[in-house]
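So you can see what is in the structure, the chains are spelled out below.
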Amino acid sequence: MYIVIVGAGNIGSNLIDLAIADGNDVVVIEEDDEQASAVASEYDCLVLNADATSHSTLEDATIDRADAVITTTNIDAVNIMVMLLAQEHDVPNLVSVVHDPENLPVFEKIGVTLIENPQRLIADYLYHSIRYPNVSDFIELEDDTELVELTVTEDAPMSGEPLKTATSSGVLPDGCLVVALKRGEEIRAPKGETIIRPGDQVTVFTDDVALADAVAAFTGDHP
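Below is a short write-up of the structure. In every chain, residue numbers begin from 1 and rise along the written sequence. Local features in this predicted model are restricted to residues whose pLDDT is 70 or higher, and side-chain atom pairs enter the listing and the counts only when it is 80 or higher, whereas totals over whole chains, interfaces and linings include all residues. Side-chain measures were taken over the full set of non-hydrogen atoms in the model, leaving aside hydrogen atoms and water.

**Remarks on the overall build of the protein**
Runs of E in the DSSP output that reach at least two residues are strands. Runs of H or I that reach at least four are helices, and both are numbered from the N terminus. Looking only at helices and strands, the protein has 8 helices and 11 strands in total. A burial count over the protein gives 39% of its 223 residues as buried. Residue contacts are counted whenever heavy atoms from the two residues lie within 4.5 Å of one another. By sequence separation, contacts in the protein at least 24 residues apart represent 53% of the contacts at least 6 residues apart. Any residue under 20% of the maximum accessible area for its type is buried, any over 50% is exposed, and the rest in between are partly exposed; the area is computed with a 1.4 Å probe on protein chains only.

Okay, structure coming up:
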């Protein structure tokens, strides 16, 4: 893909690294001289040390070719302006970080894919890592639901339990659903007859009320 990334701060620099490593054609727009120079010296990509809200800058980035424009600056007004300009150039994929929740409706009206308040996402992740150390990964879907990835332990209540009876027997809390299971190298969609085994890696959909009990069901540990 041809990707224009606006902003080369902490978020942008990691995104640049991922996009280039994956073989994409990347253009970076960064107004800060030092950050732009750092990116240009480290990566084999076009770096424009310029204002991304300028039409001429976006033309220099050949935005008409872009498959996606991603804004990562810490100023929502800049991100909004870039998204509006990119929309004028019919860029098919518009992605932006949003720092102030009050600005969400503006981004949504433009049709932008949103990464809301990245600092809060990081804080949530760190907090979950402390509170639920046996959760290897989690994704917050809404304010009260999320996906968590767990490895089943030997002494877990769910170990040896078929999924079809797990909720009715009280082993698995209500509001909890196993949506994927990895056993060895095989990833499968679990069925009612599936029996959970120690070492299985399960992806569980749960609400916040049931989260602690869900973690305990697969790991035996209550936070």
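The discussion continues.
**Digging into helix H1 (residues 10-21)**
With 12 residues, H1 ought to run about 16 Å at 1.5 Å a step, and its terminal C-alpha atoms sit 17 Å apart, in line with that. Buried residues of H1: Gly12, Ile16 and Ala19, and no others. Looking down the long axis of H1, one finds its buried residues gathered within 75° of arc, a one-sided arrangement. In H1, the exposed positions that point more than 90 degrees away from the buried face belong to Asn10, Asn14, Leu18 and Ala21. On its buried face, H1 is in contact with strand E1 (2-6), strand E2 (25-29) and helix H2 (33-42). Residue Gly23 follows H1 closely and has a positive phi angle near 85°. What a helix should span is 1.5 Å times the count of its residues minus one. This arc describes the spread of directions from the helix axis toward the C-beta atoms.

**What to know about the pattern of salt bridges**
What makes a salt bridge here is a side-chain nitrogen of Lys or Arg within 4 Å of a carboxyl oxygen of Asp or Glu, nothing more. In the structure shown here, the tally under the stated rule is 3 salt bridges. A salt bridge links Asp25 to Arg65, with the nearest nitrogen and oxygen atoms 3.6 Å apart. Residue Asp25 is found in strand E2, and its partner Arg65 is found in the loop between helix H3 (55-60) and strand E4 (68-71); the two are separated by 40 residues along the sequence. Accessibility expressed as a relative area gives 38% for Asp25, which makes it partly exposed. Close ionic contact of Asp200 with Arg183 constitutes a salt bridge, the shortest N to O distance being 2.7 Å. Residue Asp200 is found in the loop between strand E10 (186-188) and strand E11 (201-207), and its partner Arg183 is found in strand E9 (residues 176-183); the two are separated by 17 residues along the sequence. A residue is classified by how much of its surface remains accessible, and Asp200, at 2% relative accessible area, is buried.

**Concerning the side chain of Thr73**
When you line up the elements, Thr73 lands in the loop between E4 and helix H4 (76-88). Judged by its relative accessible area of 15%, Thr73 falls in the buried class. Separated by 2.7 Å, the side chains of Thr73 and Asn79 make a polar contact. Apart from the residues within four sequence positions on either side, Thr73 is in contact with Val6, Gly7, Val78, Asn79, Val97 and His99. Between N or O atoms, a polar contact is any pair within 3.5 Å; within protein, one atom must be a potential hydrogen donor and the other a potential acceptor, and residues adjacent in sequence are included only when both atoms are from side chains.

**Thoughts on the side chain of Thr206**
The topology assignment puts Thr206 in strand E11. With near-sequence residues (within four places) excluded, Thr206 lies in contact with Asp144, Thr145, Glu146, Val148, Gly175, Cys176, Leu211 and Ala214.

**Concerning the nonpolar core**
The nonpolar core is taken to be a set of buried Ala, Val, Leu, Ile, Met, Phe, Trp, Tyr and Cys residues, with the residues joined through side-chain atoms within 4.5 Å. Val4, Ile29, Val69, Met83 and Leu94 are the most contacted members of the largest nonpolar core, which has 24 residues in total. At the level of elements, E1, E2, H4, strand E5 (93-98) and helix H5 (104-110) are the ones that each hand at least two residues to this core. With 5 residues, the top contributor of residues to this core is H4. Formed by 19 residues, the second largest nonpolar core is a distinct cluster that contains Met158, Leu181, Ala214 and Val215.

**What to know about the pairing of E1**
Extensive coverage of E1 is indicated by the burial of 5 of its 5 residues. Neither face of E1 is exposed, since Tyr2, Val4 and Val6 on one face and Ile3 and Ile5 on the opposite face are all buried. At least two DSSP bridges between two strands are needed for those strands to be called paired. Alignment of E1 against E2, held across 5 bridges, turns out to be parallel. Pairing of Ile5 across the sheet is with Val28, part of E2. Handedness is read with the strands pointing away from the viewer; a crossover is right-handed when the path from the first strand over the helix to the second is clockwise. Assessed by its sense of winding, the connection that carries the chain from E1 through H1 to E2 is right-handed. Sheet analysis places E1 next to E4, joined by 4 bridges and oriented parallel. Each residue of the ladder has a partner; that of Val4, found in E4, is Val69.

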